[in-house]
Amino acid sequence: MKKNKIIDRLSNMNLRKDKILGLERNVFFTGLTSFFTDTSTKMVYSVMPLFLMSIGASKTLISLIEGIAESTASLVKALSGYRSDKIGRNKPFMLIGYGVTALITPLYSFVGRPIEVLFYRFFERIGKGLRAAPRDSLISGSVTQKDAGKNFGFHKAMDNSGAIMGPLAAFLLLCFLPEGDIIMNYKIIFLIATIPAILGVIVIGVFIKEAKKVGVENFQPLPSIKNLPKRYYFFVGIIFVFTLGNFSDALLLVKTTETGVDKVYIPFIYMIFNMVSVLLAIPIGKLSDKIGRERLIIPGFLIFAITFFMFGKCNNISIFIGLFAMYGLYSALVDGSQKAMISDMVSKDLRGTGYGIYHAVLGITLLPASLIAGLLYDHVNSNAPFYFGSAMALIATVLMVVFTIASSKNKVQSSLTN
C-alpha cells in the first residue's frame, strides 16, 4: 500500500511538472511563441499602412496588398494542416512557418516601392500559412476537450499580449526617434521588430514537444475530408459570409488618420483593441467551455456589426477609441470560440485538416473582402466599406442563430434515439 501511495505521489508530481501556471507545457510555450511573434508582426503592421501611404500607395492598393498576401497563404494553410495530420507531426511546420517570419521582417527596411512590400508580405504570409493550422492542431492535441476553450483563450490572450506590446513599442519608438525622416523611422521599427520574431523561433525549437496523434497510422488520403461532419461545413460557410465583410484592419487605421489625430498615436490607438481582447480572452474562453461556443459567437458577430456601422457613421477620435475597445470585445468573444468549436466538431486525427480548411476559408475570403473594401473606400466614400462589413456581419449572425437551433435539434434527436 505504501509503495502504491509513493508511486501515486511521484506521478502527481510529474504531472505538476508538466504544467506551467496550470496549463500544459505545449500550450504555454506555444502561447509564448505567439507572444513574441505577434509583438514583431504588430510592430510592423501598426505602421505599415502609414508607411505604404508615405511611399505612394492608394487605399485600394493597401487593401489589395493585404488581401493578396492572406489569400496566397490560404492554400498553404489548408495543405499544411492536411499534411501535418498525415505525418502526425506539427512542430516542423511551426518551426519553418515562424522562421520565415523572422527572416522576412528585417527585409521591409530595404523597400522603396509598394510592390516590394507585396512581395515580402506574400512570403511572410506563406510562413503564417505553414504554421497556423498545425499550431492549432498541436494545442488541440495537447488538451482535453472540456478545457479547449480555456486553452485557446490563453493562446489568444498571449497572441494579443504581443499585439499590445508591438504597437506600444512602435508608438514609443516613433515618439523618441528624430522627426525629420518619417520613412526612415518606420524602417528602423521593422529592423527592431526582428528581435522578438527570432525569440519566438527559439522557443519552438527548445521547449515545444510533439503532441501524440491518434489514428495517424490509419490516416487516409484526400477522401478522408468527407469524414468531416456536415455541421462543420455549415459553420465554415458562416465564417465565409462573415469574413467577406471583415476586411484588413489596415483600413481601420487609415480611417482613424482621417479624424486628424497625429499619426504617431495610431499604433497606440490600435493597441486599445488588442488590450481589451487580451484582458477578456481567458475568462471568455472559460465561459465558452461552460455555456457553449455558439452563445458567444452570436453576440460577437452582433457587436462587430454595430462597431463597423459606427466606424462608418462617425469621424471623431474619442468615439473611435471606444469603437476600438468594442472591436477588442468582438475579438475576445469570437476568435478563440471559433477555434474551440472546430475542436469540438472534428475528430482528433482530422483536426489539422479541419483547421487547415478553416484558415483557408479565412484567407481566401480576405482577398475579395479587401478588394471590395478598398474600391468602396476610393470610389464611393470612406464610410461605405464599414457599412458593407456591418451588413455581412448581420447576415452571419442570422445564419449562426439557424446553426445553433439546428444543432440543438440534432442533440435532442440523438438523445431520444439513444
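For the structure itself, look to the data block above.
All values derive from a computational prediction rather than experimental measurement.

Next up on the list: the overall build of the chain. Per the secondary structure count, the chain includes 16 helices and two strands. A buried classification covers 56% of the 418 residues belonging to the chain. Within the chain, contacts between residues at least 6 apart in sequence are counted, and of these 86% link residues at least 24 apart. Surface exposure of the chain reaches about 17900 Å², of which carbon and sulfur atoms provide 67%.

It is worth spelling out the nonpolar core at this point. Tyr232, Phe235, Phe301, Phe324 and Met400 are the most contacted members of the largest nonpolar core, which has 103 residues in total. Here this core takes twelve residues from helix α14 (residues 317–345), the largest share from any one element. Each residue touching Tyr232, except ones within four places of it in the same chain, is listed here: Ile342, Met345, Val346, Thr353, Gly354, Ile357 and Tyr358. Ile164, Met271, Val278 and Ala281 belong to the second largest nonpolar core, which has five residues in total.

For the rest of this paragraph, the subject is the environment of Tyr355. Along the chain, Tyr355 falls in helix α15 (residues 351–379). Along the primary structure Tyr355 and Arg135 are separated by 220 residues, whereas in three dimensions their C-alpha atoms are 9.4 Å apart. If we skip the residues at most four places from it in the chain, Tyr355 touches Ala133, Asp136, Ser137, Ser140, Phe152, Lys339, Ile342 and Ser343.

Here α14 contains 29 residues, and its C-alpha end-to-end distance of 42 Å stays within 8% of the 42 Å for a straight helix at 1.5 Å per residue. Its maximal kink placed at Gln338, α14 deviates by approximately 25 degrees. The opening residue of α14, the one whose side-chain oxygen lies 2.8 Å from the backbone nitrogen of Ser318, is Asn316.

Across all of its chains, the model carries eight salt bridges by this definition. Taking the shortest distance from any N to any O, the salt bridge between Arg135 and Asp136 comes out at 3.1 Å. Salt bridges here are not isolated pairs; linked through shared partners, they connect Glu66, Arg121, Glu124 and Arg125.

This part takes up the side chain of Asn151. You can see Asn151 is positioned in helix α7 (residues 148–176). Ignoring sequence-local partners within four residues, the contact set of Asn151 consists of Leu23, Val27 and Val143.

Within the secondary structure, Asp335 sits in helix α14. One polar contact links Asp335 to Ser331, side chain to side chain, over a distance of 2.9 Å. Not counting the four nearest positions on each side in its chain, Asp335 is found in contact with Lys156 and Tyr330.

On to the packing of aromatic side chains. All chains considered together, the criterion is met by 35 aromatic pairs. Seen in terms of ring centroids, Phe28 and Phe154 are 6.2 Å apart; in terms of plane orientation they differ by 20 degrees. Their pairing is stacked. Here Phe28, found in helix α2 (residues 25–45), pairs with Phe154, found in helix α7; they are 126 residues apart in sequence, far enough to count as distant. Residue Phe154 is classed as buried on the basis of its relative accessible area of 8%. The ring of Tyr98 has Arg131 sitting right over it, with the charged end atom 4.4 Å from the ring centre.

Across the interface, helix α11 (residues 250–257) lies against helix α12 (residues 266–291) with an axial gap of 11 Å and an inter-helix angle of 130 degrees. As the angle between them shows, α11 and α12 are arranged oblique. At the point where α11 passes α12, the crossing takes the right-handed sense. Contacts between α11 and α12 involve Leu253, Thr256 and Thr257 on the former and, on the latter, Ile266, Ile269 and Tyr270.

About the thresholds
Residues numbered from 1 in each chain as written. Predicted model: local features only at pLDDT ≥ 70, side-chain atom pairs only at ≥ 80, totals over all residues. Heavy atoms only, no water. Helix = DSSP H or I, 4+ residues; strand = E, 2+ residues; numbered from the N terminus. Buried < 20%, exposed > 50% of the residue type's maximum accessible area, 1.4 Å probe, protein only. Contact = heavy atoms within 4.5 Å. Areas by Shrake-Rupley, 256 points an atom, 1.4 Å probe, with all protein chains shown as cover. Core = buried A, V, L, I, M, F, W, Y, C linked by side-chain atoms within 4.5 Å. Expected span 1.5 Å × (residues − 1). Bend = angle between axes of the 7 residues up to and from the residue. Polar contact = N/O pair within 3.5 Å; in protein donor to acceptor, adjacent residues only side chain to side chain. Salt bridge = Lys/Arg side-chain N within 4 Å of Asp/Glu carboxyl O. Phe/Tyr/Trp six-rings, centres within 6.5 Å; stacked < 30°, edge-to-face > 60°. Lys NZ or Arg CZ within 6 Å of the ring centre and 35° of its normal. Axes fitted to C-alpha atoms, helices over the stretch in contact; angles between N-to-C directions. Parallel < 35°, antiparallel > 145°, perpendicular 65-115°, else oblique. Left-handed = near helix turned anticlockwise from the far one by under 90°.

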